[in-house]
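Next come the chains, spelled out residue by residue.
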Amino acid sequence: MTVLPEVRVQATRQRPAVQADTTRSTTTIGESVLRQRQPDSVFEVLDEVPGVAVQGGPRSSGMGFNIRGYTDGEDVRIELDGVGKGFEKYRFGGTFIEPELLKSIEVRRGAQVESPAGALGGTVSAQTRDAADLLRPGQRWGARTRIGHASNNDETQAFVVVYGRPSESTDLVVAQSRRQSNDIRRPDGERLELSDTDATSSLVKGSWWLTDQWKAALSWVRYQDQGLQPYDTTGGDPGAFGKVQRRIDDDTISVQTKWADEASGAQWQATVGRSQTRVRDHMEEKWSVFSALGTVDDDVDHQHTTYDTRATLPLMGPPLSGDAAPTTGTDSTDTSPWRMSLHMGLQGGSSERTSRRTTSNANPQYADGYNPAQPSGSQDRIGGYLQLDVKRDGWQALPGIRWDRFKTRVVGANATALLAAGQPDTITAQRASPSFTLSHSWTPQGWTVFGTVARAFRPPLLDEAFAKSSYGRCNNLSLLRTHGDGVRVPGYSATARVAPSSGICGNFYEPELSRSVQAGVQTHQRGVLGLGARSAFDAKLTAFNDRTEQLLETLMASTDGSGELVQPGTEHRWGLELEGGLQWNDWQARFSGHRMQGRTFNGLSERDLLTVPADRLQLSLGRRQTWGEIGLRWQQVWARKYFKDNTQTRTGRQPSHRLLGAWAQWRINQHITLDLAAENLANETYRLDNGFASEGVEGAGRNLRVSISARH
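Predicted, not measured: the structure shown is a model, and the values here were computed from it. (Residues numbered from 1 in each chain as written. Predicted model: local features only at pLDDT ≥ 70, side-chain atom pairs only at ≥ 80, totals over all residues. Heavy atoms only, no water.)

With that settled, consider the packing of aromatic side chains. Within the structure shown, the criterion is met by seven aromatic pairs. Both rings, one in Trp-214 and one in Trp-268, keep their centres 6.5 Å apart while their planes meet at 75°; by these two values the pair is edge-to-face. Within this pair, whereas Trp-214 is found in strand β15 (residues 214–230), its partner Trp-268 is found in strand β17 (residues 266–283), the two being separated by 54 residues in sequence. Connected via pairs of aromatic rings, a cluster forms that spans Tyr-231, Phe-241 and Phe-290. When the ring centre of Phe-544 is taken as reference, the NZ or CZ atom of Arg-68 above it lies at 4.2 Å. Across from the ring centre of Trp-287, 5.3 Å away, lies the NZ or CZ of Lys-243, which sits over that ring. (Phe/Tyr/Trp six-rings, centres within 6.5 Å; stacked < 30°, edge-to-face > 60°. Helix = DSSP H or I, 4+ residues; strand = E, 2+ residues; numbered from the N terminus. Lys NZ or Arg CZ within 6 Å of the ring centre and 35° of its normal.)

Right, let's talk about the pairing of strand β16 (residues 243–261) for a bit. Residues in a regular strand project their side chains so that they alternate between the two faces of the sheet. Relative to β16, β15 is paired through 17 bridges, and the arrangement is antiparallel. Within β16, the residue paired with Gln-226 across the bridge is Arg-247. Pairing geometry for β16 and β17, over 17 bridges, is antiparallel. Counted as the bridge partner of Asp-249 is Arg-278 from β17. (Pairing = 2+ DSSP bridges.)

Counted under the stated rule, the structure contains 51 salt bridges. We note a salt bridge from Glu-464 to Arg-473, for which the minimum N-O separation is 3.8 Å. On the basis of relative accessibility, which here comes to 27%, the residue Arg-473 falls in the partly exposed class. Across the pair Glu-571 and Arg-573 runs a salt bridge, and its minimum N-O distance is 2.8 Å. For the pair Glu-571 and Arg-573, a shared accessibility class is recorded, and that class is buried. Linked by salt bridges that have partners in common, Arg-37, Asp-47, Glu-48, Arg-590, Arg-633 and Glu-679 make up one network. (Salt bridge = Lys/Arg side-chain N within 4 Å of Asp/Glu carboxyl O. Buried < 20%, exposed > 50% of the residue type's maximum accessible area, 1.4 Å probe, protein only.)

A few words now on helix α2 (residues 413–420). In an α-helix, one full turn covers 3.6 residues, which means residues spaced three or four apart are oriented alike. For α2, the set of buried residues is Asn-414, Ala-415 and Leu-418. Down the axis of α2, the buried side of the element spans an arc of 100°, and every buried residue falls inside it. Away from the buried face of α2 by more than 90 degrees, exposed residues Thr-416 and Ala-420 are located. For α2, the secondary structure elements touched by its buried residues are β21 (395–410) and α3 (462–466). (Arc of directions from axis to C-beta. Contact = heavy atoms within 4.5 Å.)

The gaps of empty space that remain are located by a probe, the size of a water molecule, rolled over the atoms. Per the counting criterion, the structure on display carries eight cavities of 30 Å³ or more. For the second largest cavity, the calculated volume is near 200 Å³. Lining the second largest cavity are 15 residues, with Arg-24, Gln-112, Val-113, Thr-437 and Thr-452 positioned closest to its centre. Elements that contribute at least two residues to the lining of the second largest cavity include exactly β22 (426–442) and β23 (447–458). (1 Å grid on protein atoms, 1.4 Å probe; cavity = no way out; pocket = protein on both sides within 12 Å on 5 of 7 lines; lining within 4 Å. Points joined across faces, edges and corners; volume = space filled by probe spheres on them.)

In this structure, the amide linkage connecting Thr-443 to the following residue, Pro-444, adopts the cis form with an omega of 10°. Position of Pro-444 among the secondary structure elements: in the loop between β22 and β23. Its identity is not glycine, yet Asn-585 carries a phi of approximately 50°, on the positive side. Considering the arrangement of structural elements, one finds Asn-585 in the loop between β28 (570–584) and β29 (587–601). We note that Asn-680 has phi near 50°; this positive angle belongs to a residue other than glycine. In this fold, Asn-680 is placed in the loop between β36 (672–679) and β37 (703–711).

What follows concerns a nonpolar patch on the surface. Taken together, the side chains of Leu-218, Ile-253, Val-255, Val-272, Tyr-307, Leu-346, Ile-382 and Trp-403 make up a nonpolar region of the molecular surface, amounting to roughly 690 Å² of accessible area. Within the secondary structure, Val-255 sits in strand β16. (Patch = residues over 30% accessible without salt bridge, like charges linked within 9 Å, V, L, I, M, F, W, Y side chains within 5 Å. Areas by Shrake-Rupley, 256 points an atom, 1.4 Å probe, with all protein chains shown as cover.)

For the rest of this paragraph, the subject is the environment of Pro-318. Structurally, Pro-318 can be placed in the loop between β18 (296–316) and β19 (339–359). With 136 residues separating them along the chain, Pro-318 and Asn-182 place their C-alpha atoms 59 Å apart.

This paragraph deals with the sheet that holds strand β5 (residues 76–80). What links the strands of a sheet is backbone hydrogen bonding, and the strands pair in either a parallel or an antiparallel sense. Taking strand neighbours across the sheet as the criterion, the six strands line up as β1-β2-β7-β8-β5-β6 in an open arrangement whose pairing is mixed. Each edge of the sheet is formed by a strand with only one pairing partner; in this case those strands are β1 (18–20) and β6 (83–85). Sheet twist, expressed as the mean angle between neighbouring strand axes with direction ignored, is 20°. (Axes fitted to C-alpha atoms, helices over the stretch in contact; angles between N-to-C directions.)

No statement about biological role is implied by the geometric values presented.
Listed below in structure tokens is the structure:
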């Protein structure tokens, strides 16, 4: 008799194209959706996620994320390979990620205990490709190339990647993408001025398996864009402030490591990284409102460092078999009455911005190149969390708490003005934020109900706290609300002065405070509707109710006439989010949608919260074959209210619209693939959501994308 060596086989179920977490408001967009849609920016695929919208535009440099009506740059955290990104510049977006380099995009809606403070709206986290995502079975080295064309703006996109495994314990990816296009064509056939693209992206990534349980990865991502662009890219009328010759350079370096012991359930992961975004604008005389008297050059440089370490320690009972996310439900195969583990993390980093403006007419407002409206400065932050994970008989409880501290400092002329006025040039904010999640799962019935209560806070951004300008918040016009709409702060004369002599209100701000309540139900069913054992149905319905107090933008003089500066503003938003899908043999269907509304109080009056995304429903149906796949997508967006003017007193309604899309893939042979994607097939006229709750710019007309890929 011959005794053969023990062979261990481990398999992972193929995840759907869009996957929703069982109990958290987290949705992951997989690589198959990125392939089907062929997007030219990460913003184009986020309509797959309920509660999320894109505002501003239509250029990617002018777009921003809108999660449940949270729209400020600090309200939504952006991560690339775990490294935090962000960019502050007046009327500018600042998210530069090439989708061709990605394998997934995870969207976490609402504040969560694992996310650093400030992200009241949530987090958008993108992960770049690994060689393992590209290599075929048994392959050691490979290469792929793709050439694509888009009909709407005559975009040409070229992509090439080389990948492989230099040794049994390492892999390597080197990729580059180039996009060039003309201006976007609207449904009426007219071109949208200053919307062309000339962008290049690169990725170098290597991974090393130190042991079977321990992996480390190093990645470097570069993005470059240049050309004649609108100065104001986020507004509903891009170009109203003029045009600039702009160059964007964005780099992200990330070192990640992860260790997991399957036998005990213990895990540890860490990320250390740095991102830098530099934007250089050149304005010839009379090109913009800022260069009316001479040429102007702006140079803004943002640098962010990130360190993030997390661990899971099992305390009682056997580990969850194959469960990398401890909040995804209960394992029905475990007979132990109790399971308990501890999740903990330490996170921090720093951000630094250098801003410089020079003019040909020696404007004294910008002495030595300093721009008081966009000052230079830095922010240091540190935070951590503890969360206990307790499970018994289908019940799961997750009590947790996180603590964060921010220290923000301005430098240069604004710091000098503050110190001369007896104000500090540094502000700090720190607070503990508790959270609690309770869920119950019925197995094998496949149902889970859940509920979460969480608190969070957000300190002011550098611009919010320390900017000094006539259009900012820290002047008598703004603090007394004398905007010409007839509503002003009572108890003060027309000549009253309540603004500090420095013209900067940094130490008068208090952090925004948020309370979020979520509850819902999730189900996973097999053999539904008599479709047989090869069918599976997933659905999740989440209700949320968020309230934010001490709104930073509502800084004003107290109505008691004392001259004290207060933040009485509040926002209250509530709604429903639906997501799920059906798989049956070769057929796949996805659906997502949301319905939400809100109210806001600015300290003097209450009105509807118009920054919440318009109600939306999206359906898609596709079929996979041996030769490829085909699919259709339908999206209904209902009417949205918007402000007609800057006084925000008159409103209008953007009409409802429907968008039709399609995709197809033909695998000609094992080396060559043809992909087709269509957007706005009916050439529907519609408008995007503006970044300031006003009427958005007109969206793009019909667009057909075709690409051919070859791999070896």
